[in-house]
Amino acid sequence: MSMLPVRSSRCAALAALLLASLSLPGAAIGREMSDAAVEAKVGKPNVVILATGGTIAGAGADAANSATYQAAKVGVDKLIAAVPQMSAIANVRGEQVFQIASESFTDAQLVQLAKRVSQLVKQSDVDGVVITHGTDTLEETSLFLNLVVKTDKPIVVVGSMRPSTAISADGALNLLDAVAVAGSKEAVGKGVMVTMNDQIQSGRDATKRTNIVPSAFFSQWGSLGMVVEGKTYFFRSLDKRHGTSSEFDIDTIDALPLVAIVYGSGSMFPGAYKAAVDAGAKAIVNAGTGNGSVPGYLVDTLKDIRAKGTLIIRSSRVPDGFVLRNAEQPDDTYDWVVAHDLNPQKAKILAAVALTKTSDTKELQRIFWQY
């Protein structure tokens, strides 16, 4: 019986000691550190990484394999975990949208990806979006998003030329740079961007020019800027319509019409164009030689195809420059469209998007000049 008061007094003393400790300097420091951590998290931009696969998620059998590997093997959580430095510049979370090599992308997957991006950029707790992507069709996806996602928030498409298992793998730094750009206030309104090899390029312009080295992407009009040690430096902006200024909206697009490309060369034959029509193509991009040239022996074939309803768009297989209207061929007379400075694969994307609204050739030509 005499032990109960002793236990009670000890409990009371312990409670008093615990209460008193709340005002000790150490406890105050703990609270301050916690508050600082919260403030740091709140002060950083919120970036969502949408993973689709590609080389940036690839793995090789040996560290010396920089060109021989399997793409799309690493999931988004591991990609994020491999670059812990991202947490210093942004609050990052990831979603696995696809896990494929980018040559396997279809129009349906383009639409699905763009709709998810559109959903995210509408959220007040999302400041920017990064899409990890294989480099083979990265330029098509970048242009597509630039055309149809109506936002000024930064959208960055990023890939790598070497798998993460290779010596001098480029994916980790590219991803870190992409997050830096996606969270940058200076990147707002600049359209969809491609961030690779320290460069910030416009998704509208950037194209893959080599299949081996990290400096694979190039724009004939120059990069928008650079990323150096996590800081963005911009030197120009995209002058073509995009984002909120675009007349296209992925929220109203559920499918894309079929557009085919026929590659120009010597000794061509009409069967390739006719096969595209038979497959249901609504437009054919002629990836012509030089100034989007059409061989004399094919002119009647293309005139006949246009007369029966399929659109003809003259692009060029030449990497730089642009196709001049009514040069080489009388486009006004034949009711053809020129792709301006867009290469064949980009012209295919813009044509498909434009055809969701119109098939009038004058309107289509306007669109090719404005976008």
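As shown above, the structure is provided for reference.
Residues numbered from 1 in each chain as written. Predicted model: local features only at pLDDT ≥ 70, side-chain atom pairs only at ≥ 80, totals over all residues. Heavy atoms only, no water.

## Regarding the sheet that holds strand β5 (residues 192-196)
This is how it is decided: At least two DSSP bridges between two strands are required for those strands to pair. Numbering of helices and strands starts at the N terminus; helices are DSSP runs of H or I of at least 4 residues and strands are runs of E of at least 2. Angles here are taken between N-to-C directions and fall from 0 to 180 degrees, while the axes themselves are lines fitted to C-alpha atoms, restricted in helices to the stretch in contact. We call two residues in contact whenever any of their non-hydrogen atoms come within 4.5 Å of each other.
Ordered by their spatial adjacency, 8 strands build an open sheet running β2-β1-β3-β4-β5-β6-β9-β10, and the pairing between neighbours is mixed. Edge strands, defined here as strands with exactly one partner in the open sheet, are β2 (91-100) and β10 (231-234). Pairwise comparison of adjacent strand axes, ignoring direction, gives a mean angle of 25 degrees for this sheet. Where strand β6 (residues 199-202) and strand β9 (residues 225-228) come together, 2 bridges link them in antiparallel fashion. Looking across to β9, one finds that Ile200 is bridged to Gly225. In the packing of helix α4 (residues 107-121) onto the sheet, the strands contacted are β1 (46-53), β2, β3 (128-132) and β4 (155-158), and the crossing angle to β2 comes to about 165 degrees. Against the sheet, helix α5 (residues 138-148) engages β3, β4 and β5, with an angle of about 150 degrees to β5.

## Comments concerning the side chain of Asn174
In this fold, Asn174 is placed in helix α6 (residues 171-182). Contacts of Asn174, omitting those with residues within four sequence positions, involve Val158, Gly159, Ser160, Thr195, Met196 and Asn197.

## Observations concerning the nonpolar core
Which entries qualify depends on this criterion: Buried Ala, Val, Leu, Ile, Met, Phe, Trp, Tyr and Cys residues form a nonpolar core when they are joined through side-chain atoms within 4.5 Å. When a residue's accessible area, from a 1.4 Å probe over protein chains only, is under 20% of the maximum for its type it is buried; when over 50% it is exposed; and in between it is partly exposed.
Core analysis: the largest hydrophobic core is formed by 84 residues, its most contacted members being Val117, Val130, Phe144 and Val148. In this structure Val130 touches Val47, Val48, Ile49, Leu50, Val156, Val158, Leu175, Ala178, Val179 and Ala182, once residues within four positions along its chain are discounted. Ranked by size, the runner-up nonpolar core spans 15 residues in total, among them Ala260, Ala276, Val299 and Tyr334.

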